[in-house]
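# Structure assessment
So you can see what is in the structure, the chains are spelled out below.
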Amino acid sequence: MEPLDLELEEGELELPSEPMHLNMGPAHPAMHGTVRIVLELSGETIHKADVQIGYLHRGFEKMCERGTWAQVFPYVDRCNYVSPMLNNVGYALAVEKLCDIVVPDRCQWYRMALGELARISDHLTCLAAMGMELGAFTPFLWLMKGREMIYDILEEETGARVTHSFGRIGGVAHPPTAGFKKMCTGVLPRVISLVEEAEKLLLKNRIFLDRVEGVGIISKADAVALSWTGPCLRSTGVSYDVRKAHPYLKYDEVEFVVPVGTGGDNLDRFLVRLEEIRQSKSIILQSIERMADEGPVNVDDPRVMLPEKESVYTTIEGTIQHFKLIMEGAKVPKGEVYSYTEGGNGELGFYLVSDGTGTPYRVRIRPPCFPIVGGLGKLITGRMLSDVIPTFGSLNMIGGECDH
Amino acid sequence: MAATRTVAIEGSESGFATTRFEDMLNWARKYSLFQYPFVTACCGMEFMSLASPRFDLARFGAEAPRFSPRQADLLWVVGTISQRQAPVLKRIYEQMMDPKWVLAFGTCASCGGFYDNYTTLAGIDKIVPCDIYVPGCPPRPEAVMDGLMLLQDKIARGDRTPGIVKPRTDPALTTIRKKHTEDDAR
Amino acid sequence: MSKLVLEKLAQKFGAAIVETHSDHGDDTARVTPAAWKDICRYLRTDPALDFDMLVDMCGVDYPERGATNERLEVVLHLYSIGRRHRVRLKTRVGDEDMDDADLDSVTSIWAGANWFEREVFDMSGVTFKGHPDLRRILMYPEFEGHPLLKDYPAQRTQPLIPYRTEAEAGLPLDKLAPFREDEGMSFGRKAWGTPGEGEPS
């Protein structure tokens, strides 16, 4: 520093300064526990951001190579744990594509209904967490109440609240319960009314709007170049939804609209998810109306489906089939396939390589939020520190999926 | 380790005042646990459900999450801890002040779960001492409340031995018992 | 699916396309590593193909192909939002010890390739030439080896901090666990090279 007794003009005296390094570490309430952002700050403005993930890497792909094809379902559940049914259905469709199996219609409607219920619970969690991190605790409690109602339905159907492991190659684990349709038609309007109440609290609130509107903007071209998909991409104006562009299950037979945003900022992502909840409700109601009340729910293919318990205990063929499927796994034909569905965050893809045995050779999950978090650095550079919170919240990073 | 403070009061040879003081301290501690939710994975969903109106955690006094280890006395380790996250967890634990307790929420925190691989820490008790293990993948919110109540009992008794939350009754015996009474009724 | 993409590739690059197939409706082309970046740039810029989104990139390990320098297969999935077609591009690099596992980076063509290539490097050991920031993404920097290679044992851990010993814990560490280290599982930990409790790594 220059000595102070020199005659200096006001504008010439420069204070030495250097940027401050701040670590928004993995143990941080707004980082969803598993992301570390190393920031270079000048005051409150971010000059550089290094987003480090991998704190929840659980070796999903390596674990899949150690079991059978059907033993992957519990692992895949825990990838996107806010909408596990979508993961189950996505993986089951991938293996079925490799085996050239098409499940019966009843199963397709059932999988669609369960998947959309999971999507609603995913969006509810994202919106609730986003509000809570900005200080709005009440909408969090109301939306959690709505999510509990959906968990009740899923518990009744699958047996578990969060990680169902309900999908099977060639169908689902159990047929729909007798009360499924009644539960859905009774619960969904209540969930929507809770969403409307939370909406009223947030969308006209000056504080909320100031913190999310115009913050975290990304352009269409950037989002596509960064491999974004799902609600985050649709908020920029690109209307790419796997359910419309490449329909699977029965999505081409139901009517729904894909909400598309304009600005690509946090508010757009929030609104796109809000509208998707309503569209999912409409899809569920249409699916359960079209779903038959009786009929087979699993495909009748002895290569992949377990036989009925009675025939396992009484006939030798049943016993052998059961034994081979459990001990050696379903013998999926040799080959490779890439199968994609619309997960909660975007295009959830599975690239499977089979060597003809019952153990997968390679299971690759294409996590929708991996490239989305890859774009986070670009979104927050140049913004202020407190903009990181709503931006990161609106991306809906799910640690299990991003770090697989 | 629980800090034991003895208060000597004149004339109390039996130690009546000291034990009552300890009891009162423990009562205060158990009903005002400030939790540090170290949430990583799927168990976080059940944790959020616990904090929600239906499975209300506030009625146990353990509502207030303190996101700074300096202000918390109960470390909830919710979800899988990977080898990369382990030093972070240890540091958070070391930053907490005595008396402190650790609750391993879920199978992954208790023993690594079914992630027996190169990247998962097989249970947090490999790096921090753990007081309550709540198994489940994820455990039902009721199981976690059981764990919290078990922890509160342990705090009240000053007991530092680790405990596992088990079902209240053996499910197999329950079914047999029920069948027996149905047959009897016929 | 129409064969437009595969036909145009074969027309333009001829010898560099080693083999193609369209099993299960997925157009796939395996190319030589030397032509990787040129083919990617062509797929991105050609107006009839217009592959503007890199969907996924991963590595698959085939150790038995190490002798012919084809151990690691890098698989790239591309999608065109405007034209709605997909293609899978594959190439093979690396010998038995994963030396010479180099490939050109495509981050200048698709910005999203940055993290995908870091992941392939981290998990499978392929080095991408020209990548702006090639370091581990899912594993920690001190980790040695590449976990998704078939010869990395799934259970070999490399702990960052030493585990607690019995002396520290004050009670036998196997008091609660129903299984001892050599019970239950059919293979023991020592075989995988994980240091035992209290042993130096």
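Cut-offs and rules
Residues numbered from 1 in each chain as written. Chains lettered and ligands numbered in written order. Predicted model: local features only at pLDDT ≥ 70, side-chain atom pairs only at ≥ 80, totals over all residues. Heavy atoms only, no water. Helix = DSSP H or I, 4+ residues; strand = E, 2+ residues; numbered from the N terminus. Buried < 20%, exposed > 50% of the residue type's maximum accessible area, 1.4 Å probe, protein only. Contact = heavy atoms within 4.5 Å. Areas by Shrake-Rupley, 256 points an atom, 1.4 Å probe, with all protein chains shown as cover. Buried area = accessible area lost by both parts, 1.4 Å probe. Salt bridge = Lys/Arg side-chain N within 4 Å of Asp/Glu carboxyl O. Nonpolar A, V, L, I, M, F, W, Y, C, P; charged D, E, K, R; others polar. Phe/Tyr/Trp six-rings, centres within 6.5 Å; stacked < 30°, edge-to-face > 60°. Polar contact = N/O pair within 3.5 Å; in protein donor to acceptor, adjacent residues only side chain to side chain. Axes fitted to C-alpha atoms, helices over the stretch in contact; angles between N-to-C directions. Parallel < 35°, antiparallel > 145°, perpendicular 65-115°, else oblique. Pairing = 2+ DSSP bridges. pLDDT = per-residue confidence, 0-100. Patch = residues over 30% accessible without salt bridge, like charges linked within 9 Å, V, L, I, M, F, W, Y side chains within 5 Å. Lys, Arg positive; Asp, Glu negative; His and termini not counted. Charge placed at Lys NZ, Arg CZ, Asp CG, Glu CD. Expected span 1.5 Å × (residues − 1).

### Notes on the overall build of chain B
Looking only at helices and strands, chain B has 6 helices and 5 strands in total. The linear arrangement of helices and strands in chain B, starting from the amino end, is α-β-α-β-α-β-α-β-α-β-α. Considering chain B as a whole, with its 186 residues, one finds that 49% of them fall into the buried category. Of the contacts formed within chain B by residues at least 6 apart in sequence, a portion of 75% connects residues at least 24 apart. As displayed, chain B offers around 8,900 Å² of accessible surface, 57% of which is attributable to carbon and sulfur atoms.

### Notes on the interface of chain B and chain C
Taken together, the 18 residues of chain B in the interface contact 24 residues of chain C. Between chain B and chain C, a total of about 1,800 Å² is buried, with carbon and sulfur atoms accounting for 61% of that surface. At the boundary of chain B and chain C, one finds 0 salt bridges. Residue contributions to the side of chain B that touches chain C peak at 3 residues, all from helix 3 (residues 86–95) of chain B. Split into classes, the residues belonging to the side of chain B that touches chain C amount to 9 nonpolar, 4 polar and 5 charged.

### Let's talk about unusual backbone geometry
Cis geometry is adopted by the peptide bond preceding B:Pro99, which originates at B:Asp98 and carries an omega value of -10 degrees. Here the phi dihedral of A:Asp100 falls at roughly 60 degrees; this positive angle occurs in a residue that is not glycine. A relative accessible area of 62% means that A:Asp100 is categorised as exposed. Not every positive phi belongs to a glycine, and A:Asn396 is a case in point at roughly 55 degrees. As for its placement among the helices and strands, A:Asn396 is situated in the loop between helix 16 (388–395) and helix 17 (399–403).

### Comments concerning the packing of aromatic side chains
Residues and elements named next belong to chain A. Under the counting rule described, the total for this entry stands at 26 aromatic pairs over all chains. Measuring from ring centre to ring centre gives 5.6 Å for Tyr91 and Phe350, while their planes differ by 70 degrees; the resulting arrangement is edge-to-face. Placement of the pair is Tyr91 in helix 3 (residues 84–99) and Phe350 in strand 7 (residues 347–354), with a sequence separation of 259 residues. For Phe350, a relative accessible area of 0% translates into the label buried.

### Things to note about the interface of chain A and chain C
Of the residues lining the interface, 43 residues belong to chain A; the matching set on chain C comes to 45 residues. Each partner contributes to the roughly 3,700 Å² buried at the junction of chain A and chain C, and carbon and sulfur atoms together form 56% of this total. Summed over the three residues of chain A that lose the most area to chain C, namely A:Lys62, A:Glu336 and A:Tyr361, the buried surface amounts to 18% of that side. Viewed at the interface, chain C and chain A are joined by 8 salt bridges. Applying the counting rule to chain A against chain C returns 25 residue pairs in polar contact (both at pLDDT 80 or more).

### A short note on the packing of helix 4 (residues 105–133) of chain A against helix 16 of chain A
Axis angle and axis distance: for two packed helices, these are the angle between their axes and the distance between the axes, and together they describe the pair. Residue and element names in this part refer to chain A. Interaxial distance between helix 4 and helix 16 falls to 9 Å at its minimum, and their mutual angle equals 175 degrees. The angle between helix 4 and helix 16 places the two elements in the roughly antiparallel class. Residue-level contacts link Cys126, Met130 and Glu133 of helix 4 to Ile389, Pro390, Gly393 and Ser394 of helix 16. Residues of the contact of helix 4 with helix 16, tallied by class, amount to 4 nonpolar, 2 polar and 1 charged.

### Focus on the sheet that holds strand 5 (residues 163–164) of chain B
All names here are of chain B. Strand order across the open sheet formed by 5 strands is 1-2-3-4-5, with parallel pairing between neighbours. Looking along the sheet, the strands with just one partner apiece sit at the ends: strand 1 (35–39) and strand 5. Bridge analysis of strand 3 (residues 101–105) against strand 4 (residues 132–134) gives 3 bridges, and the strand direction is parallel. When the sheet's bridge partners are listed, Ala104 is paired in strand 4 with Tyr133.

### Digging into the side chain of C:Asp56
One can find C:Asp56 in strand 3 (residues 53–61). Residue C:Asp56 is classed as buried on the basis of its relative accessible area of 0%. Reaching out from C:Asp56, the side chain makes a polar contact with the side chain of A:Arg364 at a distance of 2.6 Å. Apart from the residues within four sequence positions on either side, C:Asp56 is in contact with A:Arg364, A:Arg366, C:Val75, C:Leu76, C:His77 and C:Phe116.

### Regarding the side chain of A:Asn396
A:Asn396 sits in the buried class, given a relative accessible area of 6%. Residues within four places of A:Asn396 in sequence aside, it is in contact with A:Asp122, A:Cys126, A:Arg273, A:Asn345 and A:Cys369.

### A closer look at the confidence of the model for chain B
Counting all residues, the mean pLDDT for chain B is 82, and 80% of those residues have values of 70 or more. Contacts of residues 176–186 of chain B to residues separated by more than four positions or lying in other chains number 0 contacts, the stretch itself having pLDDT below 50.

### Some words on a negative patch on the surface
All names here are of chain C. Judged by side-chain charge, Glu96, Asp97, Asp99, Asp100 and Asp102 come together as a negatively charged surface patch. Inspection of the secondary structure assignment puts Asp97 in the loop between strand 5 (86–93) and strand 6 (102–104). Under the relative-accessibility criterion, Asp97 is labelled exposed at 61%.

### Examining helix 6 (residues 180–203) of chain A
Residue and element names in this part refer to chain A. A rise of 1.5 Å per residue sets the reference length of helix 6, with its 24 residues, at 34 Å; its end C-alpha atoms lie 33 Å apart and thus fit the reference within 8%. Burial in helix 6 covers these residues: Phe180, Cys184, Val187, Leu188, Val191, Ile192, Leu194, Val195, Ala198, Glu199 and Leu202. Looking at the buried side of helix 6, the elements it contacts are helix 4, helix 5 (137–158), helix 7 (206–212) and helix 11 (266–290).

### Some words on the packing of helix 5 of chain A against helix 6 of chain A
Residue and element names in this part refer to chain A. Where helix 5 meets helix 6, the axes come as close as 9 Å, and the angle between the chain directions of the two elements is 170 degrees. Classed by the angle they form, the pair helix 5 and helix 6 counts as roughly antiparallel. Only Phe180, Met183, Cys184, Val187, Arg190, Val191, Leu194, Val195, Glu197, Ala198, Leu201 and Leu202 of helix 6 make contact with helix 5, whose side of the interface consists of Thr138, Pro139, Trp142, Leu143, Lys145, Gly146, Met149, Ile150, Ile153, Glu156 and Glu157.

### Points about the sheet that holds strand 4 (residues 72–79) of chain C
Residues and elements named next belong to chain C. The strand order 1-2-5-4-3 describes an open sheet built from 5 strands, whose pairing is mixed. Edge positions in the sheet fall to strand 1 (17–21) and strand 3, since each has one partner strand and no second. This sheet shows a mean twist of 20 degrees between the axes of neighbouring strands, independent of strand direction. Sitting on the sheet, helix 1 (residues 4–13) is in contact with strand 1, strand 2 (28–31) and strand 5, with an inclination near 165 degrees to strand 1. Sitting on the sheet, helix 3 (residues 113–124) touches strand 3 and strand 4, and the angle it makes with strand 3 is about 5 degrees.

### Quick word on a nonpolar patch on the surface
A contiguous nonpolar surface patch, about 410 Å² in accessible area, is contributed by A:Leu306, A:Phe323, A:Ile326 and A:Met327. Tracing the chain through its elements places A:Ile326 in helix 13 (residues 316–327).

### Here's the deal with helix 3 of chain C
Residue and element names in this part refer to chain C. In this model, helix 3 (12 residues) spans 16 Å end to end at C-alpha, consistent with the 16 Å of a helix rising 1.5 Å per residue. Of all 12 residues making up helix 3, 11 are buried, and the element is well covered by its neighbours. Of the residues making up helix 3, those classed as buried are Ala113, Trp115, Phe116, Glu117, Arg118, Glu119, Val120, Phe121, Asp122, Met123 and Ser124. Downstream of helix 3 by one or two residues, Gly125 has phi in the positive range, about 90 degrees.

### Focus on the confidence of the model for chain C
On average, residues of chain C score 84 in pLDDT, and 83% of them are at 70 or above. pLDDT under 50 marks residues 177–201 of chain C. Its contacts with residues more than four places away, or in other chains, come to 29 contacts.

### Remarks on the pattern of salt bridges
Within this structure, the stated rule accounts for 50 salt bridges over all chains. Put simply, A:Arg362 and A:Glu61 hold a salt bridge, and the shortest N to O gap is 3.1 Å. Placement of the pair is A:Arg362 in strand 8 (residues 362–366) and A:Glu61 in helix 1 (residues 60–64), with a sequence separation of 301 residues. Grouping residues by exposure puts A:Arg362 and A:Glu61 together as buried. What you see here is one network of salt bridges that share partners, running through A:Lys97, A:Glu336, C:Glu19, C:Asp26, C:Arg30, C:Arg65, C:Glu70, C:Glu73, C:Arg88, C:Lys90 and C:Arg92.

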